[in-house]
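The primary structure of each chain is shown beneath.
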Amino acid sequence: MIPDHSGEDIQNRSTVSEEAENVSYVTSKRSGYVSRAHRNPLAIGGFRVPLGPPWVPWTELYPKIAHPQVRIVDVGSGYGGLLFYLATRVPTNHCLLGMEIRTAVWRLAQEKLLQQRALSRAYERVAFLHTNAQRYLWNYIDRASLDVLIFAYPDPHFKRKKHRQRIVSRMLLPLYGYLLRRGGRLYASTDVEALYEWMYDRLEECPLFECKCRLVERHGKSRFNPRMTEGPSIGQEADPLSLQFFANDLYAAAVRDWTDEGQRVSRMQGDKFLLVYEKR
Ligand SMILES: C[S@@+](CC[C@H](N)C(=O)[O-])C[C@H]1O[C@@H](n2cnc3c(N)ncnc32)[C@H](O)[C@@H]1O
């Protein structure tokens, strides 16, 4: 049985958590798993959570690591592709933690992880949690402990009345700042221009963060500031500092291109938007 830190036995899952949570329609199938497209991140319940980081069962998450130090968190980790990519590339004393709200998706990532761990010790430093990060991130992560906080292709929540469900928000950014150490970085990628603008506005107005990189790639071409309303107009040359940052930063390219969703967008030749902000 796979340990599930939401407190459920996944073999009996269909009756407990999915009913308890506010879930919407079934849409996708992958490797025989049926997955629900969305779960409401504002819904209360469905997950059992520790009181705080000292109560997290770290030895279950990282059984072969003596004192795991989570330095990299991937919020909405999906099928886990990004953390599998990063595991062999980051310093060996860094642990990586993915958080995923959807049961079947988390379960698939977890199964893949067990297979990867059989192949290489590097994956012992990766773990996936089944939880609602929007509500419970702070129950798992200590203040000023993170180097990297990732939001790769978060759900766009297109409708105006659903904007409050967006994971990069005015209310949540100070809390992300609380978890990042000074100099730690927040990465956000998307293929939805409206969401990019939303996240850019929220990050710019938050005094805890300073912009390090923003990139727009439209069909393989990078441009600086695609915003229609202000600043340089579409078609302007790339911002050299952002390009330089991108060229020298492991996470920037990974968050844009090496997540499962990033690869799907590449295959579809979709637009890609990337923001990197540093905690002041
Ligand atoms: C569009 S997918 C992107 C997945 C992955 N980051 C990637 O780039 O391939 C967004 C993921 O975030 C998850 N998610 C949405 N809200 C969440 C929350 N509050 N806590 C944890 N995961 C969440 C969704 O279930 C979904 O798997």
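Calculation notes
Residues numbered from 1 in each chain as written. Predicted model: local features only at pLDDT ≥ 70, side-chain atom pairs only at ≥ 80, totals over all residues. Heavy atoms only, no water. Buried < 20%, exposed > 50% of the residue type's maximum accessible area, 1.4 Å probe, protein only. Helix = DSSP H or I, 4+ residues; strand = E, 2+ residues; numbered from the N terminus. Pairing = 2+ DSSP bridges. Right-handed = clockwise from strand over helix to strand, strands pointing away. Near = heavy atom within 4 Å. Polar contact = N/O pair within 3.5 Å; in protein donor to acceptor, adjacent residues only side chain to side chain. Areas by Shrake-Rupley, 256 points an atom, 1.4 Å probe, with all protein chains shown as cover. Nonpolar A, V, L, I, M, F, W, Y, C, P; charged D, E, K, R; others polar. Salt bridge = Lys/Arg side-chain N within 4 Å of Asp/Glu carboxyl O. Phe/Tyr/Trp six-rings, centres within 6.5 Å; stacked < 30°, edge-to-face > 60°. UniProt positions renumbered as here; feature names shortened; annotations may be inferred. Contact = heavy atoms within 4.5 Å.

A. A look at the pairing of strand S4 (residues 95–100). Burial runs high along S4: six of the six residues are buried. Inspection of the sheet shows strand S3 (residues 70–75) paired to S4 by five bridges, in the parallel sense. Each residue of the ladder has a partner; that of Val73, found in S4, is Leu97. Crossover S4 to strand S5 (residues 126–130) through helix H4 (residues 103–119) is right-handed.

B. Spatial organisation of the site of the ligand. Close to the ligand lie 17 residues; Gly76, Glu100, Asn132, Thr259 and Glu261 are nearest. Between the ligand and Asn132, the relevant distance is 2.8 Å, taken from a nitrogen atom to a side-chain nitrogen or oxygen of the residue. Burial of the ligand by the protein chains amounts to 90% of its free accessible area of 590 Å². Contributions of two or more residues to the shell around the ligand are made by S4, helix H5 (133–140) and helix H10 (260–267). A class-by-class count of the residues in the shell around the ligand yields six nonpolar, six polar and five charged.

C. Highlighting the environment of Glu261. By secondary structure assignment, the location of Glu261 is in helix H10. Accessibility expressed as a relative area gives 31% for Glu261, which makes it partly exposed.

D. A look at the pattern of salt bridges. Scanning all chains against the criterion turns up 16 salt bridges. Salt-bridge contacts for Glu124 lead to Arg117; the nearest nitrogen and oxygen are separated by 3.7 Å. An identical accessibility class is assigned to Glu124 and Arg117; each is buried. Shared partners join several salt bridges into a network, and the residues in it are Glu217, Arg256, Asp257 and Lys272.

E. Structural context of the packing of aromatic side chains. For the coordinates displayed, the defined rule picks out 10 aromatic pairs. A ring pair is formed by Tyr85 and Trp258, whose centres lie 5.2 Å apart and whose planes are at 5°; its orientation type is stacked. One end of the pair, Tyr85, is in helix H3 (residues 81–87); the other, Trp258, is in the loop between helix H9 (250–257) and H10, with 173 residues separating them in the sequence. By relative accessible area, which is 38% here, Trp258 ends up partly exposed. Their ring planes at 25° and their centres at 5.0 Å tell us that Tyr196 and Phe273 sit as a pair that is stacked.

F. Local environment of the UniProt feature "binding site: S-adenosyl-L-methionine" (unreviewed entry) in the chain. With numbering aligned to this structure, UniProt lists the feature "binding site: S-adenosyl-L-methionine" (unreviewed entry) at Gly76, Glu100, Ile101, Asn132, Ala133, Thr259, Asp260 and Glu261. Within the secondary structure, Ala133 sits in helix H5. Within the secondary structure layout, Thr259 lies in the loop between H9 and H10. Relative accessible area serves as the criterion here: at 7%, Thr259 is assigned to the buried category. The residues touching Thr259, leaving out its near neighbours within four places in the chain, are Leu82, Ala152, Tyr153 and Ala254. A distance of 2.8 Å separates a polar atom in the side chain of Thr259 from the backbone nitrogen of Gly262.

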